[in-house]
Every structure is written in C-alpha cells, then in structure tokens.
Amino acid sequence: MSTKILLLEDDLLFGESIVDVLEEEGFEVVLCRNGQIALDETYKNHFDLYLLDINVPLIDGLSLLKELRRANDRTPTIYLSSHQEIETLSHAFEIGADDYLKKPFNTDELLVRLHALLRRSKGKGRHCVGELCLDELHKCVLMEGKELSLSLKEYQLMALFIRNAGEIVTKEMIMDTLWNPSEMISDGAIRVYINRLKQEIGADLIVNIRGVGYRLVS
C-alpha cells in the first residue's frame, strides 16, 4: 500500500515540482490549489501526511488544519511556507502542526523530514490483517487501501475483530463492546452487524463459530 500525501500549494509550477520529487520517491500525491479543495479531498480519501502552504485561496492553511484537528483528524502535517514571523510559527504548532519548512527549501531536506515524521507515526494506532487495516489514529478501517463506510458500531465491531484476528470473538465480547450493560440485546441484533461487515469485507473473512461467536480469518 503506497503512502498517500496531500499537498496544498497554489503555485502550480512549484507544486508540480514537489509532486515530481515525491512521486520519484514512490509516494502517491494529490495536489490541491486551494484550501476548500484540500478539505474536500480529506473527506473523500485517507492520507498518511499533509504538506500545507499557508497563504492559499478560500481556506488558508492554518484554518484548514485547525478545522481538521477539530474533527479529530491527527494526520501528520508539515507546513511549507515563506512565513518567518514567530507568531505564525507558534500558531502553526499550537493548532497541531508537526514540522515547518521555510521556503525556499532544499528538497532533500524535505524528504529527510518527511521520512522521519512518517517513521514516527507509522504503526502508531494501526493494526493490519492482510489487506484489512484498523487505523485508530483516524478512527477508520481500510480494505486494500480504501476506507470502508462504517457506522460507529460497525467500526467498533470491526476494530474488535482486527485486534483479535485469528481468535474467537465471543458474543459476550461483542455485547460489551457495542452496547451498555443495561441494554437488552438479541442474537439477531448481533447478526445484523456481522452481516453488514461481511458485505463490506467479504463473507469468507468472518467465520461463525456455532454457539460461541465469530472469528476473523487471519
């Protein structure tokens, strides 16, 4: 699964030069020329890293990251900007930036910082079983790199299966994870959620252990 990067840069020539450098390193890059397009892309795709300019049209880079962090998006972020004011730098880190590079910069330095940040964040809160990955940082589940469309309870159930891949997940474990102790839950309610997950990932990946529970094939 390739590492996917969102690049927010309104200077097309500069942006395309950065894309070329990153793609040569094997990264998949989405170039956005204004903050609104970038925000829309974060709703449609899962990214491993954000590279953000600050002075861009519609939604500036600082406001964009502030909105993403407010929505609990913790994707590692590096600012690429010509700003030098300490107030701007301080604000960038306050709202959740992980690193900052002042333009113009050496692309080799960008790659060094980028790889270092990815190494620090890699595996943090991510558990994979084959092509199925639980990303606890972004609160989502991915299948072959594509985010699954899951409700909160479906996400919680899928997370339970992935954390216990190859082991039996009992009905009691499912009930404790998805519902409050005071709620009355039937086997039928559990089957509804199991069937929904099977539709998303394939029926053969979740095996019914009769009378006991279920197991995610590892």
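Summary of the structure given here.

Parameters and conventions
Residues take numbers from 1 onward in each chain, read along the sequence in its written order. Only residues with pLDDT of 70 or above have their local features reported here, since the model is predicted, and side-chain atom pairs are shown and tallied only from 80 upward, although totals for entire chains, interfaces and linings are computed over all residues. As a convention, hydrogens and water are excluded, and side-chain values are obtained from all of the structure's heavy atoms. At least two bridges found by DSSP between two strands are what make those strands a pair. Strands here are runs of E lasting at least two residues and helices are runs of H or I lasting at least four, both read from the DSSP assignment and numbered beginning at the N terminus. Contact criterion: two residues are considered in contact whenever any of their non-hydrogen atoms come within 4.5 Å of each other. For helices, the fitted line uses only the C-alpha atoms of the stretch in contact; every axis is such a line through C-alpha atoms, and the angle between N-to-C directions lies from 0 to 180 degrees. Residues are said to line a cavity or pocket when one of their atoms sits within 4 Å of a point; the points come from a 1 Å grid over protein atoms alone, cavities being sets where a 1.4 Å probe fits but cannot get out and pockets being open sets with protein on both sides within 12 Å along at least five of seven lines. Grid points are joined across faces, edges and corners, and a volume is the space filled by probe spheres set on the points. Crossovers are described as right-handed under a simple rule: with the strands pointing away from the observer, the path leading from the first strand over the helix to the second runs clockwise. In what follows, a disulfide is any cysteine sulfur pair within 2.5 Å. Small angles under 35 degrees read as roughly parallel and large ones over 145 as roughly antiparallel, with 65 to 115 read as roughly perpendicular and the rest as oblique. Each residue is assigned to one class: nonpolar for Ala, Val, Leu, Ile, Met, Phe, Trp, Tyr, Cys and Pro, charged for Asp, Glu, Lys and Arg, and polar for all the others, Gly among them. In this scheme, a residue with accessible area under 20% of its type's maximum is buried, one over 50% is exposed, and one in between is partly exposed, where area comes from a 1.4 Å probe on protein chains only. Each patch is built from salt-bridge-free residues with over 30% relative accessible area, joining like charges within 9 Å and nonpolar side chains (Val, Leu, Ile, Met, Phe, Trp, Tyr) within 5 Å. For the accessible areas, the method is Shrake-Rupley and the probe is 1.4 Å, while residue cover comes only from the protein chains on display. By salt bridge we mean one thing: a side-chain nitrogen of Lys or Arg within 4 Å of a carboxyl oxygen of Asp or Glu. Counting rule applied: Lys, Arg positive; Asp, Glu negative; His and chain ends not counted. One atom stands in for each charge, and that atom is NZ of Lys, CZ of Arg, CG of Asp or CD of Glu.

### Thoughts on the sheet that holds strand E6 (residues 126–129)
In a beta sheet, neighbouring strands are held together by backbone hydrogen bonds and run either parallel or antiparallel to one another. With antiparallel pairing, the 4 strands of this open sheet are ordered in space as E6-E7-E8-E9. Each edge of the open sheet is held by one strand with a lone partner, namely E6 and strand E9 (146–147). For strand E8 (residues 140–143) and E9, the ladder comprises 2 bridges, and the chain directions are antiparallel. Following the sheet pairing, Met143 is matched in E9 by Lys146. Most of the contacts of helix H6 (residues 152–163) go to strand E7 (residues 132–135), to which it runs at about 115°, and overall it touches E6, E7 and E8.

### Thoughts on the environment of Leu178
Relative to the helices and strands, Leu178 is located in helix H7 (residues 171–178). The spacing of Leu178 and Leu157 is 21 residues in sequence and 7.0 Å in space, taken between C-alpha atoms. If we ignore the near neighbours within four places in the chain, the residues touching Leu178 are Lys153, Gln156, Leu157 and Tyr193.

### Things to note about the layout of surface pockets
The computed volume of the second largest pocket comes to approximately 310 Å³. Forming the boundary of the second largest pocket are 17 residues, of which Thr42, Ala71, Asp73, His138 and Glu147 lie nearest the centre. Of all the secondary-structure elements, those providing two or more residues to the lining of the second largest pocket are helix H2 (35–44) and helix H3 (61–70). No other element matches H2, which puts 3 residues into the lining of the second largest pocket.

### Points about the pairing of strand E2 (residues 28–32)
Judged from the 5 bridges that link them, strand E1 (residues 4–8) and E2 form a sheet pairing that is parallel. What sits directly across from Ile5, in E2, is Val29. Note on the crossover from E1 through helix H1 (residues 12–24) to E2: the handedness is right-handed.

### Side note on the state of the cysteines
The full count for this structure, using the stated rule, is 1 disulfide. With its sulfur 2.0 Å from that of its partner, Cys128 forms a disulfide with Cys133. What sets the handedness of the Cys128 and Cys133 disulfide is the S-S torsion sign, and at about 110° it is right-handed. Sulfur of Cys32: no disulfide; nearest cysteine sulfur belongs to Cys140 and is 18 Å away. Here Cys140 is not disulfide-linked; the sulfur of Cys133 is the nearest cysteine sulfur, at 9.5 Å.

### Brief notes about the packing of H7 against helix H8 (residues 187–201)
Here H7 crosses H8 at 80°, and the two axes come no closer than 11 Å. What the angle tells us is that H7 and H8 run roughly perpendicular. For the pair H7 and H8, contact is made by Lys171, Ile174, Met175 and Leu178 and by Asp187, Ile190, Tyr193 and Ile194, respectively. Among the residues forming the contact of H7 with H8, the class breakdown is 6 nonpolar, no polar and 2 charged.

### Brief notes about the pairing of E1
Counting buried positions along E1 gives 5 out of 5 residues, so the element sits mostly inside the fold. Two elements, E1 and strand E3 (residues 49–52), share 4 bridges in a ladder whose sense is parallel. Looking across to E3, one finds that Ile5 is bridged to Leu49.

### With respect to the side chain of Thr88
Within the secondary structure, Thr88 is located in helix H4 (residues 86–94). Under the relative-accessibility criterion, Thr88 is labelled buried at 15%.

### Thoughts on a negative patch on the surface
Taken together, the side chains of Glu16, Asp20, Glu23, Glu24, Glu25 and Asp108 make up a negatively charged region of the molecular surface. With 4 residues, H1 is the largest single contributor of residues to the negative patch. Relative to the elements of secondary structure, Glu25 occurs in the loop between H1 and E2.

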